[in-house]
Amino acid sequence: MPDVIQLLPDSVANQIAAGEVVQRPASVVKELMENSVDAGSTSIQVAIRDGGKALIQIIDNGCGMSETDARLCFERHATSKIKEANDLFAIQTMGFRGEALASIAAVAEVEMKTRIAKNQLGTSIRISGSEVIEHEAIACPEGTSIAVKNLFFNIPARRKFLKGSSLELKHIISEFQRVALANPAVSFSLSHNGANVYILPQGNIKQRIVHLMGKNLGNHLIDLSTNTSVIKISGFIGKPDSAKKSPGEQFFFVNNRYMKSPYLHKAVMKAYEKLLPPESLPAYFIFFEIDPGAIDVNIHPTKTEIKFEDERMIWQMLNATVKEALGKFAVVPSIDFDTEMVIDVPFFPKSAPVSPPEVEVNPDFNPFDKDYVSRSSYQQANQGHRSAKGWQDLYQQEQGKGFDQQAERVTQSSFAHAEQEPMVPNAAQRFFQVKNRYILTSVKSGLMVIDQKRAHERILYENYLTSLSMGPSSAQQELFPQSIELSAGDFTLLSEQTEGLSALGISISLLGQNTIAVNALPSNIKQANPELLIRSFIDSFKENTSNPAFDAHQKLAASLAKASAIPYNRQLEPIEMQDLVDKLFACQHPNIAPDGKPTISILGIDELDKRFR
Ligand code: ADP
Ligand code: MG
């Protein structure tokens, strides 16, 4: 049998290695930024086109490369950072495998210009798919500029798998943030298609956090520090009230390199236990300094996973440090976040005197108040035709029971007008609010419990969907334009939704530098604070992004519905409860909130009977 084994040509070997190092444009940004930091730069500029699919350009003012190094750096295992195997265990710099540039040059068109301080002339090199196309001496500034064009141009299968520009940009922004946070003494900038995303001056870590994440978070940071012989922990954590529903502000760094650690994340979360609303994440920017011999950075090709020698001890120390910081600032649980559907049943000790149940009345209620009368008759007129048959049935058959009920109503003599409309009990009799969260009402089959926020979300959601396909349904209310500073990621997200939002009556202008202004809101939105509205819209939009059940309109409508629905902990007037319930039953799908969770639950008569057996 003839010999069959062949050595792969370098270009193929490089392409294979590139599969590990270069997953998407963001990986290129990370490798090049880290190289620039390693080169001692004090200023690093990143310019991106089309989510990095067309162009990634990085310009630094670091040490530059000699003519020979400029050629050598594109060879595999070419690095100035390791001289012997031992260095692998003591390495402090970020890149150290000498693979990044070779990999990038294997799967893109690369142009590099570089010059070291002592030379008059620099070097320009062009490489395409590992092949050197041009190599010449040119005049250029000290430092290095690298442009990576048409990533994966020679591997169509991989190019096809790249996502839309805005998603690729999102990944780039994450990588950019990680390097920028780890190096506050270096100034950075990031632009996309010519527009500035970030301009970050040199500063300290807190200033860097504020520049990246916005002033809002800056006002909610607590500093953190512990210093032991084994490890030094420092950085900032967010106060519990600044926690968000979606990730994006959680960072660990080890010896100034970003790392992922689901294990240590739990140590932080445990320290915040009971301080956070369910499913929300606190911001944290935590830096560990540890003897490089006690960690293994090489376990993952993209080097974001790091193994500590004694993970459990570090878990304990981190947990204690975060707890201490939270304690120092007297952040104590103040809100009761129980989310379960519990109907409060008062507990009477056997000896307690029994008093007759009381009917809750609204002390402000005045049946002769014109406003009230006109509002309620308007609502009745308006809803007569809108209410779905189901709700009418549910309720009217209950009315049919007649006598008992009427008798009961008459005893509630504080409602004088009940006698004038004997068959239509008023809202105060029909609806009862529990814990400022659930609306209770009696129906044919038992006791109906309605989740006020979810019900309102359903109503708004269907409303918004109609507006999106047929134009806005409610008038706009001009505001004194209020500017809001966002993080770059949130700014990009919002700028892609302005058209849809404007179809819903929310007018926003993009002021640049991650700042927006809210100029008008639809008059039916009750949220008085536009900033809160926009921020919670962004939060729920991010949550909904991963929901495959939503198309673009549904995602927009569901997110805005969530942000603008009446919240929990809001006391509702009987007339408001009536309005809400009527509108809910006029919906196409009254039973579920846009996210599929139930809006209504009925406690059946059977079940009630059982409880009294
Ligand atoms: P590594 O960073 O692991 O050494 P790379 O392939 O990323 O491997 O880079 C190879 C070498 O090229 C580096 O070791 C460094 O000497 C040189 N180099 C890369 N980028 C720059 C830069 N921006 N400025 C100066 N030298 C650089
Ligand atoms: Mg490198």
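*Asks:* Hey, could you run me through helix α2 (residues 25–38) in this one?
*Replies:* The periodicity of an α-helix, 3.6 residues per turn, causes residues three or four positions apart to be oriented the same way. Here α2 spans 20 Å end to end across 14 residues, near enough to the 20 Å set by a 1.5 Å rise per residue. Those residues of α2 not exposed but buried are Pro25, Ala26, Ser27, Val28, Val29, Lys30, Glu31, Leu32, Met33, Glu34, Ser36 and Val37.

*Asks:* How should I be thinking about the packing of helix α10 (residues 262–271) against helix α11 (residues 311–328) in this particular structure?
*Replies:* A packed helix pair is summarised by two numbers, namely the angle formed by the two axes and the spacing between the axes. Two elements in contact, α10 and α11, have axes separated by 8 Å at closest approach and are oriented at 30°. As summarised for this structure, α10 and α11 are arranged roughly parallel, according to the angle between their axes. Of the two possible hands of crossing, α10 and α11 adopt the one that is right-handed. The residues of α11 that touch α10, namely those facing Tyr263, Leu264, Lys266, Ala267, Val268, Lys270 and Ala271, are Glu311, Arg312, Ile314, Trp315, Leu318, Asn319, Val322, Lys323 and Leu326.

*Asks:* Help me understand the sheet that holds strand β21 (residues 515–522) in this model?
*Replies:* Pairing between sheet strands relies on hydrogen bonds along the backbone, with the strands arranged either parallel or antiparallel. Read across the sheet, 3 strands follow the order β19-β21-β20 without closing on themselves; strand pairing throughout is antiparallel. The strands lining the two open edges of the sheet, one partner per strand, are β19 (476–485) and β20 (507–512). Across the sheet, the mean angle from the axis of one strand to that of its neighbour is 15°, orientation sign disregarded. Taken together, the 5 bridges between β20 and β21 define a ladder with antiparallel strand orientation. Directly across from Leu510, in β21, lies its bridge partner Ile516. Contacts from helix α19 (residues 530–545) reach β19, β20 and β21 within the one sheet, and its direction differs from that of β19 by about 70°.

*Asks:* Help me out: how do you make sense of the nonpolar core in this one?
*Replies:* Across soluble globular proteins, nonpolar side chains have a tendency to be buried as a group. With 61 residues, the main nonpolar core has Phe176, Phe188 and Phe285 as its most contacted residues. Apart from the residues lying within four places of it in its own chain, the contact partners of Phe285 are Leu181, Ile209, Met213, Leu217, Leu221, Ser234, Gly235, Phe236, Glu249 and Phe251. Counting 31 residues, the second largest nonpolar core, distinct from the first, contains Val254, Leu275, Ile290 and Phe308.

*Asks:* It is not clear to me how the confidence of the model for the protein chain should be interpreted in this structure. Could you clarify?
*Replies:* Detailed reading of predicted coordinates is not advised where the pLDDT is low. On average, residues of the protein chain score 80 in pLDDT, and 79% of them reach the 70 mark or higher. pLDDT under 50 marks residues 91–95. Its contacts with residues more than four places away, or in other chains, come to 19 contacts.

*Asks:* Explain the sheet that holds strand β12 (residues 257–259) here, please?
*Replies:* Read from one edge to the other, the open sheet built from 5 strands follows the order β9-β10-β13-β11-β12, with strand pairing classed as mixed. Lying at the two open borders of the sheet, with one neighbouring strand each, are β9 (221–227) and β12. On average, adjacent strands in this sheet sit at an angle of 20° to one another, irrespective of strand direction. Across the sheet, α10 is in contact with β11 (250–254), β12 and β13 (284–290); its angle to β13 comes to roughly 120°.

Rules used in this analysis
- Residues numbered from 1 in each chain as written.
- Chains lettered and ligands numbered in written order.
- Predicted model: local features only at pLDDT ≥ 70, side-chain atom pairs only at ≥ 80, totals over all residues.
- Heavy atoms only, no water.
- Helix = DSSP H or I, 4+ residues; strand = E, 2+ residues; numbered from the N terminus.
- Expected span 1.5 Å × (residues − 1).
- Buried < 20%, exposed > 50% of the residue type's maximum accessible area, 1.4 Å probe, protein only.
- Axes fitted to C-alpha atoms, helices over the stretch in contact; angles between N-to-C directions.
- Parallel < 35°, antiparallel > 145°, perpendicular 65-115°, else oblique.
- Left-handed = near helix turned anticlockwise from the far one by under 90°.
- Contact = heavy atoms within 4.5 Å.
- Pairing = 2+ DSSP bridges.
- Core = buried A, V, L, I, M, F, W, Y, C linked by side-chain atoms within 4.5 Å.
- pLDDT = per-residue confidence, 0-100.

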